[in-house]
Amino acid sequence: MLYRSFLFLQDAVIQLLILTTVISLPVLIAAPLHRGESFSYTFTEEGTVEYYCTIHTPDMQGKITVSSNVVSVDQDTVSMENDQFVPENLEVAPNTTVVWINNQDHNHDIETGNPSSDGDGDPY
Ligand SMILES: [Cu+2]
């Protein structure tokens, strides 16, 4: 009986691990984008991903929320202008392609996380 309980618990842990894996979102890393250049990614799973520009951290940050509650469109755009991601918070339905476009004269990039999550302990 104890052994069967252990098997049940083990199964529950494995299912939890699978669920956790499914909702994690990909790591976005775009090399520096020059004026007029763009980067696109199609989000297939629901969840949230925070990102930032390593060149203009900590001010230039954004967030994508993928939710089936959002009206579905094929493509949505984030403009890089005035050293900001516009819009900063974008909600899209699953299977939406998000296109980031640099509309400024200097470079921007995109890295998953937030300025304090790059592992070096400071926000830059
Ligand atoms: Cu930037």
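To be clear, the structure that these remarks concern was listed above.
The rules we used
- Residues numbered from 1 in each chain as written.
- Predicted model: local features only at pLDDT ≥ 70, side-chain atom pairs only at ≥ 80, totals over all residues.
- Pairing = 2+ DSSP bridges.
- Helix = DSSP H or I, 4+ residues; strand = E, 2+ residues; numbered from the N terminus.
- Core = buried A, V, L, I, M, F, W, Y, C linked by C-beta atoms within 7 Å.
- Buried ≥ 20, exposed ≤ 12 C-beta atoms within 10 Å, placed from the backbone.
- Contact = placed C-beta atoms within 7 Å.

1. Considering the pairing of strand β3 (residues 47–52)
Link 1 in the chain: Two elements, β3 and strand β4 (residues 61–66), share 6 bridges in a ladder whose sense is antiparallel. Paired with tyrosine 51 across the bridge in β4 is glycine 62.
Link 2 in the chain: Where β3 and strand β9 (residues 108–112) come together, 2 bridges link them in antiparallel fashion. Of the residues in β9, the one forming a bridge with tyrosine 51 is threonine 112.

2. Points about the nonpolar core
Link 1 in the chain: Formed by 15 residues in total, the largest nonpolar core has its most connected members in Phe43, Ile64, Val92, Val98 and Trp100.
Link 2 in the chain: Looking at this core, the element that brings in the most residues is β3, giving 3 residues.
Link 3 in the chain: In this structure, tryptophan 100 is in contact with Ser38, Phe39, Val78, Met80 and Ile110, ignoring residues within four places of it in sequence.

3. Side note on unusual backbone geometry
Link 1 in the chain: A cis amide bond links threonine 57 with the next residue in sequence, proline 58, at an omega value of 5 degrees.
Link 2 in the chain: In this structure, proline 58 sits in the loop between β3 and β4.
Link 3 in the chain: A cis amide bond links valine 86 to the next residue, proline 87, at an omega of 0 degrees.
Link 4 in the chain: Of note in this structure, asparagine 82 is not a glycine but carries a positive phi near 50 degrees.
Link 5 in the chain: Counting through the fold element by element, asparagine 82 comes out in the loop between β5 (75–81) and β6 (84–86).
Link 6 in the chain: On the basis of neighbour counts, which here come to 10 C-beta atoms within 10 Å, the residue asparagine 82 falls in the exposed class.
Link 7 in the chain: For aspartate 83, which is not glycine, the phi dihedral falls at a positive 55 degrees.
Link 8 in the chain: One can find aspartate 83 in the loop between β5 and β6.

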